Amino acid sequence: MNHFGRKVHYKDWNFDSVKERDFFIRFIENSGKRYEIHRSYKVVTKFPLGGYNKHGITYTPDFVVYGADGSIQHVYDVKSGVNQRAVDAATKIRFTLFELKTGIPVEVVVPRKHDFKMKLYGF
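I will try to describe carefully the structure that is included in this document.

What counts, and where the lines are drawn
Residues numbered from 1 in each chain as written. Predicted model: local features only at pLDDT ≥ 70, side-chain atom pairs only at ≥ 80, totals over all residues. Heavy atoms only, no water. Salt bridge = Lys/Arg side-chain N within 4 Å of Asp/Glu carboxyl O. Buried < 20%, exposed > 50% of the residue type's maximum accessible area, 1.4 Å probe, protein only. Pairing = 2+ DSSP bridges. Helix = DSSP H or I, 4+ residues; strand = E, 2+ residues; numbered from the N terminus. Expected span 1.5 Å × (residues − 1). Contact = heavy atoms within 4.5 Å.

**A few points about the pattern of salt bridges**
Here is step 1: Tallied over the entire structure, the rule returns six salt bridges.
Here is step 2: Between Asp22 and Arg21 there is a salt bridge, with the nearest N and O atoms lying 2.9 Å from each other.
Here is step 3: A salt bridge links Glu36 to Arg39, with the nearest nitrogen and oxygen atoms 3.5 Å apart.
Here is step 4: Here Glu36 falls in the partly exposed class, since its relative accessible area comes to 25%.

Following this line, the structure appears as structure tokens:
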């Protein structure tokens, strides 16, 4: 979910913000590793409740980076900060559900001028 960014198109992709695009260009695009952008994961499948079907829950990280063996090496979610305003409770729940299902932590990154700040929630 994006509250503050301006959508940006770069090559074949649409990014949710300039920070997200810049993180991709600086740290992922030329890393030599295979990656996916905005791949959606079903973290809770739909289920019956009171005679109706309750919708499932999906999580779509900004970037998924794979190792040489094809396993997921990093899951990045680019944010404008690591405070409560930038990462709300619903987002943290999606992170937790994804981590529970895959066993891989979501790395929240905040790009800065020469590097980036990273946080893992719940540790």
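Picking up after the structure, the text goes on.
**Here's the deal with the pairing of strand S11 (residues 116–119)**
Here is step 1: Taken together, the four bridges between strand S10 (residues 107–111) and S11 define a ladder with antiparallel strand orientation. By the bridge assignment, Val109 is partnered in S11 with Met118.
Here is step 2: Hairpin remark: S10 followed by S11, antiparallel, with four residues in the connecting loop.

**Points about helix H2 (residues 89–102)**
Here is step 1: An ideal rise of 1.5 Å per residue puts 20 Å on 14 residues; H2 measures up with 20 Å between its terminal C-alpha atoms.
Here is step 2: Check the buried side of H2 and you find it contacts strand S4 (41–44), strand S7 (57–59), strand S9 (72–78) and S10.

**Overview of unusual backbone geometry**
Here is step 1: With a phi close to 55°, Lys11 is a non-glycine residue in the positive phi region.
Here is step 2: Located in the positive-phi region is His38, a residue other than glycine, with phi close to 55°.
Here is step 3: Residue classification places His38 among the partly exposed positions, given a relative accessible area of 26%.

It is worth stressing that arrangement in space is one thing and function is another; only the former is reported here.
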